[in-house]
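This is what each chain is made of:
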Amino acid sequence: MTISLSDDERRAIVVAEEIADVTIRDCLIDDEHDRIAFVVKAGEVGKAIGRDGETVARIEDRLGRDVTLVEDAPTPEGFVANALAPAAVYDVTIEERDGERVAFADVDEADTGAAIGTEGRTIELARRLAGRHFEIDDIQLA
């Protein structure tokens, strides 16, 4: 699947990679919530966060927006689980329903709010990124 990036998204990737010294796989500027989401190469998200969040804070300062980091994964199930972090996701199953690919995420009941996020921000971002990377049309919490 080919992902198209705007010039602003490409510039944001350069900034994040320069500051954190990680590989950014995707970038999504979310003007509605004044944030930028980066999909970080698997295994590098800790480095992108930095000790006590210092690295991600430097990225936010430089870009002037909140930054959300999502760790890449080779499978759609793993990707959806990572995109719903920090919620504890026990399992993700992908099903075809009415011509759509739907990911059902089994989330710890205590973490349902974290998986949804304030005003639905977390699950909305997870849906958008999962659609871009794995052609998933919807994510539902089970």
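Rules and cut-offs
Residues numbered from 1 in each chain as written. Predicted model: local features only at pLDDT ≥ 70, side-chain atom pairs only at ≥ 80, totals over all residues. Heavy atoms only, no water. UniProt positions renumbered as here; feature names shortened; annotations may be inferred. Helix = DSSP H or I, 4+ residues; strand = E, 2+ residues; numbered from the N terminus. Rg over C-alpha atoms; globule rule 2.2 N^0.38 Å. Buried < 20%, exposed > 50% of the residue type's maximum accessible area, 1.4 Å probe, protein only. Contact = heavy atoms within 4.5 Å. Lys, Arg positive; Asp, Glu negative; His and termini not counted. Salt bridge = Lys/Arg side-chain N within 4 Å of Asp/Glu carboxyl O. Core = buried A, V, L, I, M, F, W, Y, C linked by side-chain atoms within 4.5 Å. Domains from an automatic or database assignment.

- Where an unreviewed UniProt entry is consulted, the chain appears under the name Probable transcription termination protein NusA, with the organism given as Halorhabdus utahensis.
- Here the chain is described in UniProt, under the heading Sequence similarities (unreviewed entry), as follows: "Belongs to the NusA family."
- The heading Function (unreviewed entry) in the UniProt record of the chain holds the text "Participates in transcription termination."

1. Comments concerning the overall build of the chain
Next up, step 1: Along its length, the chain carries six helices and six strands.
Next up, step 2: Its helices and strands taken in sequence order, the chain reads α-β-β-α-α-β-α-β-β-α-α-β from the N to the C terminus.
Next up, step 3: Taking 2.2 N^0.38 as the reference for a compact globule, 142 residues should give roughly 14 Å; the C-alpha atoms of the chain span a radius of gyration of 15 Å, in line with that estimate.
Next up, step 4: Expressed as a percentage of the 142 residues in the chain, the buried residues total 43%.
Next up, step 5: Pairs at least 24 apart in sequence give 54% of the contacts found in the chain among residues at least 6 apart.

2. Considering the side chain of Glu9
Next up, step 1: Mapped onto the fold, Glu9 is located in helix α1 (residues 7-20).
Next up, step 2: No salt bridge forms around the buried Glu9; measuring N to O, its nearest opposite-charge neighbour Arg132 is 4.8 Å away.
Next up, step 3: With residues near it in sequence (within four places) discarded, Glu9 still touches Ser4, Cys27, Leu28 and Ile29.

3. What to know about unusual backbone geometry
Next up, step 1: Going from Ala85 to Pro86, the amide bond is cis rather than trans, its omega being 15°.
Next up, step 2: Assignment of secondary structure puts Pro86 in the loop between α4 (76-83) and β4 (89-97).
Next up, step 3: Unlike most non-glycine residues, Asp34 shows phi in positive territory, near 50°.
Next up, step 4: Looking at where Asp34 falls in the secondary structure, it is placed in the loop between β1 (24-30) and β2 (35-40).

4. Focus: the nonpolar core
Next up, step 1: Grouped together as the largest cluster of nonpolar side chains are 23 residues, with contacts concentrated most on Phe79, Val80, Leu84, Leu129, Ile136 and Ile139.
Next up, step 2: Looking at this core, the elements with two or more residues in it are β2, α4, β5 (100-107) and α6 (121-134).
Next up, step 3: The biggest single contributor to this core is α6, with six residues.
Next up, step 4: Mapping this core onto the domain boundaries places at least three of its residues in each of domain 1 (7-71) and domain 2 (76-141).
Next up, step 5: With sequence-adjacent residues up to four places away left out, Ile139 is seen in contact with Val80, Leu84, Ala103, Ile123, Ala126, Arg127 and Ala130.
Next up, step 6: If you look at the next biggest cluster of nonpolar residues, it comprises 19 residues, including Ala16, Val22, Cys27 and Leu69.

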